[in-house]
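Examination of the molecular architecture
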Amino acid sequence: MVIVSKWAIYTLYLVVFVDLFQLTFVFPFIPTIVTAFYDKSDPGAKKEIAASVALLSSLAAIGEMLGSPILGWLSDKIGRRPVLLISTVGSAGSAALLAYSSTLPLAAAA
């Protein structure tokens, strides 16, 4: 059995907390962000906004589903610390890109 220090465990807990906080903090703002992409005077805009919010939420879940095994494999190859640091910076960059996106494709890429 491998002995792991308490600080390593606390660091992992902190990284997971920050990642989940970032993910759950952004979701309530997605409708507001998406609404800015559409003309609100259009009668069909509500349906398009709802579909776009569903699309962005689904893309986020699919990204997590596809990224988790890749990051797990990568952490086995190069270690947990670099992968956690890179993925945390990537999550922050993705949130910033989503916040400042001006089109739906750019928001989807985030």
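Residues numbered from 1 in each chain as written. Predicted model: local features only at pLDDT ≥ 70, side-chain atom pairs only at ≥ 80, totals over all residues. Heavy atoms only, no water.

This part takes up the overall build of the protein chain. When helices and strands are counted, the protein chain shows 5 helices and 0 strands. Each helix (α) and strand (β) of the protein chain, taken in turn from the N terminus, gives the series α-α-α-α-α. Relative to the compact-globule value of 13 Å for 110 residues, the protein chain shows a C-alpha radius of gyration of 17 Å, a clear excess of over 25%. The principal-axis extents of the C-alpha atoms in the protein chain amount to approximately 65 × 20 × 20 Å. (Helix = DSSP H or I, 4+ residues; strand = E, 2+ residues; numbered from the N terminus. Rg over C-alpha atoms; globule rule 2.2 N^0.38 Å.)

Before going further, it helps to examine the side chain of Ser 52. Within the secondary structure, Ser 52 is located in helix α3 (residues 45–78). With residues near it in sequence (within four places) discarded, Ser 52 still touches Val 34, Tyr 38 and Leu 104. (Contact = heavy atoms within 4.5 Å.)

Together, Val 2, Val 4, Trp 7, Ile 9, Tyr 10 and Tyr 13 give the surface a local cluster of nonpolar side chains, amounting to about 720 Å² of exposed area. Its location among the elements puts Trp 7 in helix α1 (residues 6–26). (Patch = residues over 30% accessible without salt bridge, like charges linked within 9 Å, V, L, I, M, F, W, Y side chains within 5 Å. Areas by Shrake-Rupley, 256 points an atom, 1.4 Å probe, with all protein chains shown as cover. Salt bridge = Lys/Arg side-chain N within 4 Å of Asp/Glu carboxyl O.)

For the rest of this paragraph, the subject is the environment of Ala 60. Within the secondary structure, Ala 60 sits in helix α3. Ala 60 sits in the partly exposed class, given a relative accessible area of 26%. Sequence-wise, Ala 60 and Leu 23 are 37 residues apart; in three dimensions their C-alpha atoms are separated by 8.9 Å. (Buried < 20%, exposed > 50% of the residue type's maximum accessible area, 1.4 Å probe, protein only.)

Quick look at the packing of aromatic side chains now. Summed over all chains, the structure comprises 2 aromatic pairs. When the centroid spacing of 6.0 Å and the interplanar angle of 80 degrees are considered together, the rings of Trp 7 and Tyr 10 count as edge-to-face. Pair noted here: Trp 7 and Tyr 10 are both in helix α1, with a separation of 3 residues, about one helical turn. Take Tyr 10: its relative accessible area is 47%, and that puts it in the partly exposed class. Summarising the aromatic geometry, the rings of Phe 17 and Phe 21 are spaced 6.0 Å apart at their centres and angled 20 degrees between planes, so their arrangement reads as stacked. (Phe/Tyr/Trp six-rings, centres within 6.5 Å; stacked < 30°, edge-to-face > 60°.)

The end-to-end C-alpha distance of helix α4 (residues 80–99) is 28 Å, a good match for the 28 Å that 20 residues give at a rise of 1.5 Å each. Among all positions in α4, only Val 83, Ser 91, Ala 95 and Leu 98 are buried. For α4, the angular spread of buried residues about the axis comes to 100 degrees, placing them on one side. Counted as exposed and oriented over 90 degrees from the buried face of α4: Arg 81, Leu 85, Ile 86 and Val 89. Taken together, the buried residues of α4 touch α1, α2 (30–35), α3 and α5 (104–109). (Expected span 1.5 Å × (residues − 1). Arc of directions from axis to C-beta.)

Everything listed here is a matter of coordinates, which is why it stays silent on function.
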